[in-house]
Amino acid sequence: MLAHNQGIVIPGYTMSAVPDAIRPDAALIAALERSNYHPLWDRYKRITPMAPAAGDAPMHWRWRDFEPFTARASREVPIEDVERRAIIMVNPAFGGATTTTGNLIGAFTILNPGDRAVPHRHTASAIRFATRAEGAFTIVNGRRCEMNEGDLVLTPPMCWHGHINQGEARTVWFDAANMPLVCDLDASFFEPGSRGAEAFWEVDEGDERLWKGAGLAVPGQTGAASAAHSAKYHYPGAVTRALLAAIPPGDDGARHLRYTNPATGGAVMPSLDCYAMRLARGAATRARRSTANAICLVVSGSGSSTVGGATFGWEKHDVFTIPHWTWATHTAAEGHADLFVVTDRAMYEHLGLLREEMQ
Ligand SMILES: [Fe+2]
């Protein structure tokens, strides 16, 4: 939650708001500070700001600039590092921290044919969004999840997961996770799996079959599944696209879908919350802002966005951020355009800190 301040110096945070020399209570304040006390009266505006102020400006990464790095990474990264061959988009506003926008990272993972990313699990929440259909699979808690174009695969906290590319070509997919949040909270646990555990890979769809039918559930299973995160791990892109075509536009002019936990109707994970968005050609959405942070992946089409003071044109597989409490509006250029949006919105919801506005 404090990630947006990571690495950013807040001038005067531990100093008095008014220069000590002219304050009648300067000696008292100095004495308090020397004794590990802070007065509230001279710094309450910094302790209770009037409104959020993101430390990062919006940022845009073009796929055409990024793509050459996928080829280099596939050739140059040593084989022992193959399981972590991911390239993370970083905003320098975070002072060198590996952070894309507040609380979140967005990345692309590169897997050569035959590569396996060794199983592991962690308390951070993560997702994969397949940008291509090239024979890659993610195995989550003993379920083989396909990665066809537009598929979302969840790897919820402490679920064992690994990836394999069984196709003929190098593949790339989009990842997002909330390591910056979990590390700021100092609540990161990581367990490596065994490199030689062949049984891990020898699974089929397994219990993922139980969650294929929207509106149909196995009696007695939904209650247990509702506790922590979605029991459904795989959300096929074909279903998302069909639903986006079927639903009417929302108040802002775009069509929105939320990926949900089928047992609760809420977010897929307590601290990672995913959306799909379809923009109509030529019509800018009404500007919105939220206390939550967002990373947007352009799934299809082209267009432009104005986020805060920045306007940028985007194309397929570009990535851009919408830092919290920053106005954002989007326009598709030719035909419709689809965005995949990963956020920390559910966490703000749980904490009673979600505030959203539309112009
Ligand atoms: Fe992982």
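Definitions and limits used
Residues numbered from 1 in each chain as written. Predicted model: local features only at pLDDT ≥ 70, side-chain atom pairs only at ≥ 80, totals over all residues. Helix = DSSP H or I, 4+ residues; strand = E, 2+ residues; numbered from the N terminus. Rg over C-alpha atoms; globule rule 2.2 N^0.38 Å. Buried ≥ 20, exposed ≤ 12 C-beta atoms within 10 Å, placed from the backbone. Pairing = 2+ DSSP bridges. Contact = placed C-beta atoms within 7 Å. Axes fitted to C-alpha atoms, helices over the stretch in contact; angles between N-to-C directions. Core = buried A, V, L, I, M, F, W, Y, C linked by C-beta atoms within 7 Å. pLDDT = per-residue confidence, 0-100.

**A few points about the overall build of the chain**
Item 1. What the chain contains, in helices and strands, is 7 helices and 22 strands.
Item 2. In terms of overall dimensions, the chain is globule-like: its C-alpha atoms have a radius of gyration of 22 Å, near the 21 Å expected for 359 residues.
Item 3. C-alpha atoms of the chain, sized along the principal axes, occupy 75 × 50 × 50 Å.
Item 4. Out of the 359 residues belonging to the chain, those deemed buried represent 39%.

**Some words on the pairing of strand β9 (residues 161–165)**
Item 1. Summarising burial for β9: 4 of the 5 residues are buried, a large majority.
Item 2. Across 3 bridges, strand β4 (residues 116–122) lies against β9 in antiparallel orientation. If you follow His 120 over to β9, its bridge partner there is His 161.
Item 3. Pairing of strand β6 (residues 136–140) with β9 involves 5 bridges; the strand directions are antiparallel. Residue pairing across strands places Phe 137 opposite Ile 164, the latter belonging to β9.

**Concerning the sheet that holds strand β10 (residues 171–177)**
Item 1. If you walk across this open sheet you meet the 6 strands as β2-β3-β10-β5-β8-β12, and the pairing is antiparallel. Bordering the open sheet on either side are β2 (86–89) and β12 (234–235), each of which pairs with just one other strand.
Item 2. As paired elements, strand β8 (residues 152–155) and β12 share 2 bridges and run antiparallel to each other. Paired with Leu 152 across the strands is Tyr 235, a residue of β12.
Item 3. Contacts from helix α3 (residues 63–76) reach β2, β3 (105–111) and β10 within the one sheet, and its direction differs from that of β3 by about 50°.

**Describing the environment of Arg 288**
Item 1. Structurally, the position occupied by Arg 288 is in strand β15 (residues 288–290).
Item 2. By C-beta crowding, Arg 288 is classed as partly exposed, having 19 other C-beta atoms within 10 Å.
Item 3. For the pair Arg 288 and Gly 102, spaced 186 residues apart in sequence, the C-alpha separation works out to 18 Å.
Item 4. Residues in contact with Arg 288, not counting those within four places in the same chain, are Asp 252, Ala 328, Glu 356, Glu 357 and Met 358.

**Quick word on the nonpolar core**
Item 1. In this structure, Ile 127, Cys 296, Leu 297, Leu 339 and Val 342 are the most contacted members of the largest nonpolar core, which totals 65 residues.
Item 2. Element by element, the count of residues in this core is highest for strand β16 (residues 294–300), at 6 residues.
Item 3. The contact partners of Leu 339, leaving out residues within four places of it in the chain, are Met 277, Cys 296, Leu 297, Val 298 and Val 299.

**Thoughts on the sheet that holds strand β19 (residues 319–322)**
Hydrogen bonds between backbone atoms are what pair the strands of a sheet, whose relative direction is either parallel or antiparallel.
Item 1. Taken in spatial order, the 6 strands line up as β1-β19-β16-β21-β14-β13 in an open sheet, and their pairing is antiparallel. In this open sheet, the two strands that pair with only one neighbour each are β1 (60–61) and β13 (255–258).
Item 2. With 6 bridges joining them, β16 and strand β21 (residues 337–343) adopt antiparallel strand pairing. Counterpart to Cys 296 in the pairing with β21 is Val 341.
Item 3. Running at roughly 140° to β13, helix α6 (residues 237–246) makes contact with β13, β14 (273–279) and β21 of the sheet.

**Considering the environment of Gly 301**
Item 1. Inspection of the secondary structure assignment puts Gly 301 in the loop between β16 and β17 (303–307).
Item 2. Residues Gly 301 and His 336, 35 residues apart in the sequence, show an inter-C-alpha distance of 6.3 Å.
Item 3. Apart from residues no more than four positions distant in its own chain, Gly 301 is found in contact with Lys 316, Ala 332, Glu 334, Gly 335, His 336, Ala 337 and Asp 338.

**Brief notes about unusual backbone geometry**
Item 1. The backbone of Asp 186 shows a phi angle near 50°, a positive value even though the residue is not glycine.
Item 2. Judged by the 6 C-beta atoms lying within 10 Å of it, Asp 186 falls in the exposed class.
Item 3. Even without a glycine there, the phi angle at Trp 325 is positive, about 60°.
Item 4. The topology assignment puts Trp 325 in the loop between β19 and β20 (328–332).

**Some details on the environment of Val 299**
Item 1. Within the element layout of this structure, Val 299 appears in strand β16.
Item 2. In this structure Val 299 comes out as buried when scored by C-beta crowding, with 24 C-beta atoms within 10 Å.
Item 3. Ignoring any residue separated from it by four or fewer positions in sequence, one finds Val 299 in contact with Gly 150, Asp 338, Leu 339 and Phe 340.

**Brief notes about the confidence of the model for the chain**
Item 1. A residue-level look at the chain finds 92% of positions with pLDDT of 70 or above and a mean pLDDT of 90.
Item 2. Long-range and interchain partners of residues 1–16, a stretch whose pLDDT sits below 50, account for 36 contacts in this model, where long-range means more than four residues apart.

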